[in-house]
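Survey of secondary and tertiary structure
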Amino acid sequence: SLSSIKLHKKIEKFEPDALIGTKWLTNKQKKSPLVIVNNILINGQKAKGNITVPDGVKEIGPYAFYDAFDLKSVKLPSSVTSIEQRAFFRCSSLTKINIPKEVTYIGAIPFSYTPWLEKNYDKNGLLIINNTVIQAADIFGDLVIPNGVTKIGNNAFTGNTWLETVVLPDSI
């Protein structure tokens, strides 16, 4: 099993399972529940309770906190500009997370199966963060996207089979 790796400083992306199951990752997790490489938080699956992501982290990688069942709250620094796909997927105890205004990209269904998501849908069943529709609850029939929304996020309406019509505002 991979126990040593030298990562080039120019590496900017990690696929979700690139290092899962390696001795290298296990050893990193023993030192800290937040594994950060080149300012990318690539793994936080061992995180528990209330955590603060260190300043300087620019990206929460795909599946970074996947199944971190005991994670309750996350404080992100303003240096974070990207939250990748399923970053907090199935964090079944996550009730609080701040999303800095500097976050300009949020990947597909990053908060699914978290109590935080359920608390943060708006009256129309939309999760809107930084003027972007990130996710839609089970919406039936017609939906009018509120004025001020400037983007529709990746996979925002995935799995919503009851939605018939979406009316976009002039702000998009």
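Below, the structure is looked at part by part. Residue numbering note: each chain is counted from 1, following its sequence as written. Totals for whole chains, interfaces and linings use every residue, but because this is a predicted model, local features are given only for residues with pLDDT of at least 70 and side-chain atom pairs only at 80 or more, for both listing and counting. The side-chain quantities take in all heavy atoms of the structure and omit both hydrogens and water.

Re the packing of aromatic side chains
- Each Phe, Tyr or Trp ring, with Trp reduced to its six-membered ring, pairs with another whose centre is within 6.5 Å; inter-plane angles below 30 degrees give stacked pairs, above 60 give edge-to-face pairs, and intermediate values give tilted ones. Summed over the entire model, instances satisfying the criterion amount to seven aromatic pairs.
- Between tyrosine 63 and tyrosine 66, the aromatic rings sit 5.4 Å apart at their centres with planes inclined by 50°, giving tilted as the arrangement.
- Burial here depends on accessible area, computed with a 1.4 Å probe over protein chains only, as a share of the maximum for the residue type. Under 20% is buried, over 50% is exposed, and the range in between is partly exposed. A relative accessible area of 22% places tyrosine 63 in the partly exposed class.
- Exposure remark for tyrosine 66: the relative accessible area of 23% places this residue in the partly exposed category.

As for the pattern of salt bridges
- The salt bridge criterion pairs a side-chain nitrogen of Lys or Arg with a carboxyl oxygen of Asp or Glu, the two atoms within 4 Å. Considering all chains together, one arrives at two salt bridges under this definition.
- Of the charged contacts, one joins arginine 90 and aspartate 67 as a salt bridge, the two residues approaching to 2.7 Å between their closest N and O atoms. Taken together, the residues arginine 90 in the loop between strand S6 (82-83) and strand S7 (96-97) and aspartate 67 in the loop between strand S4 (59-60) and strand S5 (71-75) connect sequence positions 23 residues apart.
- Measuring nitrogen to oxygen at the nearest pair gives 3.1 Å for the salt bridge that ties glutamate 102 to lysine 101.
- Take glutamate 102: its relative accessible area is 28%, and that puts it in the partly exposed class. Helix and strand definitions here come from DSSP, where helices need a minimum of 4 consecutive H or I residues and strands a minimum of 2 consecutive E residues; each element is numbered from the N-terminal end.

So, the pairing of strand S2 (residues 40-43)
- As paired elements, strand S1 (residues 35-37) and S2 share three bridges and run antiparallel to each other. Bridging from a neighbouring strand, valine 37 pairs with isoleucine 40 of S2.
- When DSSP locates at least two bridges between a pair of strands, those strands are taken to pair. Linking S1 back to S2 in an antiparallel pair, the connection comprises two residues, with asparagine 38 at a positive phi of about 50°.
- Pairing of S2 with S4, which is carried by two bridges, proceeds in the parallel orientation. In the sheet register, isoleucine 40 faces S4, and the bridge partner there is glutamate 59.

Let's talk about the nonpolar core
- We call a set of buried Ala, Val, Leu, Ile, Met, Phe, Trp, Tyr and Cys residues a nonpolar core when their side-chain atoms join them within 4.5 Å. Counting 31 residues, the largest nonpolar core has Ile60, Phe65, Leu71, Ile83, Phe88 and Phe111 as the members making the most contacts within it.
- Mapped by element, the contributors of at least two residues to this core are S5, helix H2 (115-120) and strand S9 (126-129).
- Note on contacts: a residue pair is in contact if any heavy atoms of the two residues lie within 4.5 Å. Discounting chain neighbours no more than four positions away, the residues touching isoleucine 60 are Leu41, Val53, Phe65, Leu76, Val80, Ser82, Ile83, Glu84, Ala87 and Phe88.

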